[in-house]
Amino acid sequence: MVSLADAIRLPRDVRLNAGALEDGVRGERYAINETGALVLELAGEPLTVAADTVAHRWDLPLERARADVLGFAWVLNRALLANIECGSGRFAALRLRLLLTLRLLPAGVVPPPRVTRYPLDTTTAFRAAVSTLRATSRRGFALGVVAALAAMHLGAVAGASRAIVEPSLALGVSVGLGLMVHEAVHAALLRGVPAALITRGLRTYVLHPSVEPRRAALVGLVGPAVPALAGVVCAVVSTIAASPSLAVLACPLGAHALSLTVAGRDGRAACGL
């Protein structure tokens, strides 16, 4: 889902050099032809500008140039090499996605999500954690708000709207903060290793090159273990203090323990699967 009003922008750790895109995290080079290089030189401009330039430079039909440019931008985004900036605004893009989803649902298909890549500073464990918290803050806040509103709605339906407010807020904090801490711990343990945070639909993960098996297991296991342990502490304290809000706070945090199994991406990575 890319429109001509959108623009592409290379992440800070991806650069165009000598006819190829160099990925500073994965350590890979991807060859780019002359047309692709021209589109990348216009990164930040609406894709319609790049399409018009390509059509003029190679004397192509405008519709073909537009299709080629849109396809190229989509491939770069799917390959984690470029971010797509909405030119028509986030709400307009969300509306378009919802309409397209409704049209494709009868066929059992949903439009693939856009990918966003955030460079991380892993020179020290502290900087890695802080840069990850900053990169995940918007997503953590959005997920927390959705979780809190959903809980409040269920409480209102059940006729307990007043009593549910504080536990609902606790649920939202737990959902959002759990995600942020989970990824921040991953990044902190990758000190000295190039890394980037990737959001793809509902998925959020840290991209990094291969590391030795022992370190890979440590990164994969400690990330979910920290919020899960915090959930256990909250559960114990909630029992002692008889606090429903702390009990609710413990649930999403404790759920991170599922990632320690092969059912989760982290558990599989720790097992080398």
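Since the structure is predicted, the reported quantities are computational estimates derived from the model, not experimental observations.

S.K.: For this particular structure, what's the right way to read a nonpolar patch on the surface?
M.R.: On the surface, Leu 229, Val 232, Val 233, Val 236, Val 237 and Ile 240 cluster together into a nonpolar patch covering about 570 Å² of accessible area. When you line up the elements, Val 233 lands in helix H7 (residues 213–241).

S.K.: What is the right way to read the pattern of salt bridges from this model?
M.R.: Side-chain pairing between opposite charges can occur once the charged atoms of the two side chains come close. Within the structure shown, the criterion is met by 10 salt bridges. Ionic pairing is found between Asp 6 and Arg 114, a salt bridge with its closest N-O pair at 2.5 Å. With Asp 6 in the segment before strand E1 (7–9) and Arg 114 in the loop between helix H4 (90–104) and strand E6 (115–119), this pair connects stretches of sequence that are 108 residues apart. The class for Asp 6 is buried, based on a relative accessible area of 1%.

S.K.: What is the right way to read helix H2 (residues 47–58) from this model?
M.R.: Side chains three or four residues apart in an α-helix point the same way, a direct result of the helix having 3.6 residues per turn. For H2, built from 12 residues, the straight-helix expectation of 16 Å at 1.5 Å per residue is met to within 8% by its first-to-last C-alpha distance of 17 Å. For H2, the complete set of buried residues consists of Leu 47, Ala 50, Ala 51, Val 54 and Ala 55. All buried residues of H2 lie within an arc of 135° about the axis, which places them on one face of the element. Each element contacted by the buried residues of H2 is listed here: E1, helix H1 (34–41) and helix H3 (62–78). Phi for Asp 59, located one or two positions after H2, is positive at around 55°.

S.K.: Whenever I open this one, the sheet that holds strand E8 (residues 203–207) confuses me. Can you help?
M.R.: Two modes of strand pairing occur in sheets, parallel and antiparallel, and in both the strands are linked by backbone hydrogen bonds. With respect to topology, three strands assemble into an open sheet ordered E6-E7-E8, the strand pairing being antiparallel. Two strands bound the open sheet, and with one partner strand each, they are E6 and E8. Across this sheet, the average inter-strand angle for adjacent strands is 20°, counted without regard to direction. Examined bridge by bridge, strand E7 (residues 196–200) and E8 share five bridges and lie antiparallel to one another. Bridging from a neighbouring strand, Ala 196 pairs with Leu 207 of E8. Running over the sheet, helix H5 (residues 125–157) touches E6, E7 and E8 and is turned about 15° from E7.

S.K.: How should the packing of aromatic side chains be read in this particular structure?
M.R.: We describe a pair of aromatic rings using the distance from one ring centre to the other and the angle between the two ring planes. In total, this model carries zero aromatic pairs according to the counting rule given. Taking NZ or CZ as reference, Arg 57 lies 5.6 Å from the ring centre of Trp 58, over its face. Across the ring face of Tyr 205, the terminal group of Arg 265 is positioned such that the distance to the ring centre comes to 4.4 Å.

S.K.: Would you mind going over the pairing of strand E4 (residues 28–31) with me for this structure?
M.R.: Moving residue by residue along a regular strand, the side chains alternate between the two faces of the sheet. Direction of pairing for strand E3 (residues 20–23) relative to E4: antiparallel, over a ladder of four bridges. When the sheet's bridge partners are listed, Asp 23 is paired in E4 with Glu 28. Joining the antiparallel neighbours E3 and E4 is a turn of four residues, in which Gly 27 adopts a positive phi near 70°.

S.K.: Would you take a moment to explain the packing of helix H6 (residues 165–188) against helix H8 (residues 244–254) for this structure?
M.R.: Helix-helix packing is described using two parameters, namely the angle between the two axes and the distance between the axes. Contact pair H6 / H8: the axes reach a minimum separation of 8 Å and the direction vectors enclose 25°. Here H6 lies roughly parallel to H8, going by the angle between them. Between H6 and H8 lies a crossing of right-handed hand. Residues Glu 166, Pro 167, Ala 170, Leu 171, Val 173, Ser 174, Val 175 and Gly 178 of H6 form the contact with H8, whose participating residues are Ser 245, Val 248, Leu 249, Pro 252 and Leu 253. Split by residue class, the contact of H6 with H8 holds nine nonpolar, three polar and one charged.

S.K.: Whenever I open this one, the pairing of E3 confuses me. Can you help?
M.R.: Alternating residues of E3 divide into Ala 20 and Glu 22 and Leu 21 and Asp 23, and every residue in both groups is buried. Bridging between strand E2 (residues 14–17) and E3 involves four bridges; their strand directions are antiparallel. Paired with Asn 17 across the two strands is Ala 20, which belongs to E3. The loop that links E2 with its antiparallel partner E3 comprises two residues; one of these, Ala 18, has a positive phi angle of about 55°.

S.K.: Before we go on, may I ask you to explain the nonpolar core in this structure?
M.R.: One recurring pattern in soluble globular proteins is that nonpolar side chains are buried together. Residues Ile 8, Leu 21, Val 39, Leu 40, Val 69 and Leu 76 are the most contacted members of the largest nonpolar core, which totals 23 residues. Within the residue set of this core, elements represented by two or more residues are H1, H2 and H3. Broken down by element, the residue count for this core peaks at six residues, all from H3. In this view, Leu 21 contacts Leu 10, Val 14, Arg 15, Leu 16, Glu 28, Arg 29, Tyr 30, Ile 32, Leu 40, Leu 76 and Leu 81; residues no more than four positions away in its chain are not counted. By size, the runner-up hydrophobic cluster in this structure holds 11 residues, among which are Leu 120, Leu 190, Val 211 and Val 219.

What counts and what doesn't
Residues numbered from 1 in each chain as written. Predicted model: local features only at pLDDT ≥ 70, side-chain atom pairs only at ≥ 80, totals over all residues. Heavy atoms only, no water. Patch = residues over 30% accessible without salt bridge, like charges linked within 9 Å, V, L, I, M, F, W, Y side chains within 5 Å. Areas by Shrake-Rupley, 256 points an atom, 1.4 Å probe, with all protein chains shown as cover. Salt bridge = Lys/Arg side-chain N within 4 Å of Asp/Glu carboxyl O. Helix = DSSP H or I, 4+ residues; strand = E, 2+ residues; numbered from the N terminus. Buried < 20%, exposed > 50% of the residue type's maximum accessible area, 1.4 Å probe, protein only. Expected span 1.5 Å × (residues − 1). Arc of directions from axis to C-beta. Contact = heavy atoms within 4.5 Å. Pairing = 2+ DSSP bridges. Axes fitted to C-alpha atoms, helices over the stretch in contact; angles between N-to-C directions. Phe/Tyr/Trp six-rings, centres within 6.5 Å; stacked < 30°, edge-to-face > 60°. Lys NZ or Arg CZ within 6 Å of the ring centre and 35° of its normal. Parallel < 35°, antiparallel > 145°, perpendicular 65-115°, else oblique. Left-handed = near helix turned anticlockwise from the far one by under 90°. Nonpolar A, V, L, I, M, F, W, Y, C, P; charged D, E, K, R; others polar. Core = buried A, V, L, I, M, F, W, Y, C linked by side-chain atoms within 4.5 Å.

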